[in-house]
Amino acid sequence: MSKYNLTHLRELEAESIYVIREVFAQFENPGILFSGGKDSIVVTHLAKKAFAPARIPFPLVHIDTGHNFPETIAFRDNLVAELGVNLVIGSVQESIDEGRVQEERGKDASRNWLQITTLLDTVERKRFDALIGGARRDEEKARAKERFFSHRDDFGQWDPKNQRPELWNLFNGKHHSGEHFRVFPISNWTEMDIWQYILLEQIQIPSLYIAHEREVVWRNNTWLPKSEFLELRPGEEIVNKKVRFRTLGDITITGGIESTADTLEKIVGEVSAARQTERGNRADDKRSDTSMEDRKKEGYF
Amino acid sequence: MTTESTQPNNYLDMELLRFTTAGSVDDGKSTLIGRLLYDSKSIFEDQLDSVENTSKKRGLEHIDLSLLTDGLKDEREQGITIDVAYRYFATPRRKFIIADTPGHIQYTRNMVTGASTANLALILIDARKGVVEQTCRHSFIASLLQIPHIIVCINKMDLVDYDEKVFEEIREEYEQFAAKLDVKDIRFVPISALKGDNVVNKSQNMSWYEGATLLYTLETIHIGSDYNHIDCRFPVQTVIRPHSDKHHDYRGYAGRIAGGIFKPGDEVMAMPSGLTSRIESIDSPVGKVEEAFAPMSVTLTLEDDIDISRGDMIVRTNNSAEPTQDIEVMLCWFNQSGPMSRAKYTIMHTSNEAKAIIKEIYYKVDINTLHRLEEDKDIKMNDISRVKLRTTKPLLVDSYRKNRSTGSIILIDDTSHETVAAGMII
C-alpha cells in the first residue's frame, strides 16, 4: 500500500467524522441516538474525535423502553460522565403512563413498536432537527437504501421512494421547520469493520458483548436472558450457559449466542467465521420480511 | 501509528475500493454480484434462506440472487432495482463497496449518483450481443463522472463456446467507441458469471486468456493515485474552539482534505480573504501528524490568528482554486419538473453555498451516442446538458477533471428543498 493511501478503517473513520461535522455545521439542534449498543458507542467515539479537543457539542439521546440490560444503563451513565455531555431520556414507560401508547399483548409482546411514539415525542419536545444514529446499510435490506442524511417529514415519517440523491460528499440538510433528519455516519461500515475498529481503537464496550456465564432460556432459536420481564412457558427451563450478544436491544427480545469469545481478538475471529447475520437473533426483525422497512417508514431508528 | 502494527489483526493493511455497476434484468449483473458476494462468503445463511424461500414462492427454479440487492418492498414486488443499493464484501486484501444501480435510461440520475463516489466501474457486455446502447450509456457516465478505472466484463462466454474470436471482436468494437471517452484505464475480462469462469477462479475453458480474473483485478488494481495529491485544497467545514481552561486559545479549522499534501510549517493562504499564515499543527483522528492528504478528516491550527470560517478554503500561496461567479458545468437533472426560466437555486459547493441561476443552456447530450443536441434546450429529468451558472458570490472552483471534490456542485430547490441537479465543473 502506498504512503498516501488510507487503510479501509481509517478511510471509513474519515468519512464518518466528515458527516458528523457536517451535522454540526448544518443543523441548529442535533443529538446522538444512544442505545448502549456497539454501533452507537462507535458513533459517539467518532463524534468525540470529530470535535477534539472540544467536547461533543450534542446531547446523547436514549429512548428507554424500561426493558434494559442493567449493564447497558451503567455503561451509558459512565460514558456520559466521562464525555461531559448531556443525556436526554425519552421514556416508553412515561408514554404508556400518559396513555400515548398501549402495551402490546400476546405471546411475543415487546415494546419495540412503542419506541417510535416515544422517539417522535422526544424529537418534538426537545425540538431536535437532526438525530445521528448508528444504523448501517449492511444490517438489513431496507437500511441498504438509506441515505447518510435521511429526511423525515413533519410526522417523522420516511418516504423511501422519494429520497434525496446523495452525490460526492455534498449533503443537503435543508428542511422546513417541524421536519427533521436522521443522519447515519457509519452507513458504509459492516459488522466486521465495527469490531475491527473497536479492537484497533481499544474502545470500551458493555461486558454483554463478551462471552460470559448467564442464566438463559432457549426460545425462538436463541438464548434469551433471564430477567424480571421473562415468564417461563411450559417446557422451558432456565439453564446456565456461556453466551455473548451480537447486538443489544431490549432484554426481552435480544437473544445471545453460545460463545467462548471472551476477548476482542476472539470476537473478531468469531465474527469473520459467522454464517448468520447479527440481527438473526432479534425477534423484532423476525415478524415479517419487511418489518424493518415498515417500522422505518413510521419513524423508527 | 506504532500501536497499529502491534495489534493482532490481519485486516489492518486492507484498502477500500468503491465500484459501481449498472445493468438491466437479463444481463447477468445480479448473478455476477451474487457470485462475488457468495464466493467471498459475504452472504449469510439466513439471508440465503430468505432469498431461497421468496424464489420458491414465486415459482422460480433457481435462487434469484437479485433478491439480495433489492431492498424495498416495491422493488421486490416489481422485480427491479429502482434506487442505488449499496452492497459490501471483503477479501483479505480489500474491502469493497458496490453501488448497484438500475441500467435503463430513466434511471440515469441513479447511475450518476452511484458513479459519483466510485473508483471503478464494472461494465457488463453480453457476449452474444456485443456493444449495445446501454454499454455506451454506462461507459459515458463513467467517463463523465471521471471514474479512473473501467473493467469491461464480457459475460456469458459459456453461450459462445468460450470463443476467443468473439472476445477479441467485442474488445475491438469497445475500444473504437472508447476512443471518444476520457478514461485512463480500461481492462477486459472474459467471464461467465453463471458458471464462475474468471470471476474468482481462473477458467479452465479459456486457456487462451492470459489476464487476471475479475476478483484478482479488483483486489490489486492500483488506486493509490486516484486522489489529487498535488493541488492543496482544504475546504473548512467548521471551526473548533473548546473554550476550556486547558485549551483556552485553541482555534482549529476542521475539514476533509480535498487535495494535496499538507505539512506543519507550510505557508498557506485562506481564500477568499487572501490572508496568509503557516500551518502550526495538524490534528488527525490518530493524534498529531506530520502530513495529511485526501481523503483525511483533520483539524489544522495556524500560527496567526486570521479570520476563517465555514465555506472558506485553505490553499498553498502559489496554487489556489479560481474564484468565479460564472461556472461552466455538465449538469445532470434529477427532478421530475425541469428548471423554470430565471429560477434561483441554492448551489452547494464543498462547504460553501450561494444562490445560482442557469444563465445559459448550450446543448444537451444524447448519452447513447454522445452527440450534441444543440437545438433541444428543454431540460427534463435525467438529461445531461452543458450550461453556464451565474452565482451571487464567487465560488472557489477547480475543474472536475482536476479534482472531483472541488469540481462538483449540487443545486437545491428553495421551496421543496429537494436536490434537483448535480454538476461537474468544466
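Residues numbered from 1 in each chain as written. Chains lettered and ligands numbered in written order. Predicted model: local features only at pLDDT ≥ 70, side-chain atom pairs only at ≥ 80, totals over all residues. Heavy atoms only, no water.

Peer 1: Looking at this model, I keep getting lost on the overall build of chain A. Mind explaining?
Peer 2: Scanning chain A from N- to C-terminus turns up 8 helices and 10 strands. For chain A, the C-alpha radius of gyration of 19 Å lies close to 19 Å, the compact-globule estimate for 301 residues. Per-residue burial over chain A gives 64% buried out of 301 residues. Considering only residue pairs separated by 6 or more positions, chain A has 73% of its internal contacts joining residues 24 or more positions apart. Surface summary for chain A: the accessible area is close to 11,600 Å², and the carbon and sulfur share equals 46%. (Helix = DSSP H or I, 4+ residues; strand = E, 2+ residues; numbered from the N terminus. Rg over C-alpha atoms; globule rule 2.2 N^0.38 Å. Buried < 20%, exposed > 50% of the residue type's maximum accessible area, 1.4 Å probe, protein only. Contact = heavy atoms within 4.5 Å. Areas by Shrake-Rupley, 256 points an atom, 1.4 Å probe, with all protein chains shown as cover.)

Peer 1: What is the right way to look at the confidence of the model for chain B in this model?
Peer 2: All names here are of chain B. The pLDDT averaged across chain B works out to 88; a share of 91% of its residues lies at or above 70. Segment residues 1-9: pLDDT under 50, and 12 contacts once partners within four positions in sequence are set aside and those in other chains are kept. As a predicted assembly, this complex carries a pTM of 0.91 together with an ipTM value of 0.91. (pLDDT = per-residue confidence, 0-100.)

Peer 1: Is there a simple way to think about the sheet that holds strand β2 (residues 85-90) of chain B in this case?
Peer 2: Strands in a sheet are paired, the pairing made by backbone hydrogen bonds, and the direction either parallel or antiparallel. Residues and elements named next belong to chain B. Taken in spatial order, the 6 strands make up an open sheet running β2-β3-β1-β4-β5-β6, and their pairing is mixed. Sheet topology places β2 and β6 (185-190) at the edges, where each strand pairs with a single neighbour. Between one strand and the next, the sheet's axes are offset by a mean angle of 25°, whatever the strand orientation. Note that strand β4 (residues 120-126) and strand β5 (residues 149-155) share 7 bridges and pair parallel. Looking at β5, one finds that I125 is bridged to I154. (Pairing = 2+ DSSP bridges. Axes fitted to C-alpha atoms, helices over the stretch in contact; angles between N-to-C directions.)

Peer 1: Quick question: what am I supposed to make of the interface of chain B and chain A here?
Peer 2: Between chain B and chain A, the residue contacts involve 85 residues of the former and 73 residues of the latter. Carbon and sulfur atoms make up 55% of the area that chain B and chain A hide from each other, which totals about 6,800 Å². Taken together, chain B and chain A are joined by 5 salt bridges. Looking at the side of chain B that touches chain A, its residues break down into 36 nonpolar, 29 polar and 20 charged. (Buried area = accessible area lost by both parts, 1.4 Å probe. Salt bridge = Lys/Arg side-chain N within 4 Å of Asp/Glu carboxyl O. Nonpolar A, V, L, I, M, F, W, Y, C, P; charged D, E, K, R; others polar.)

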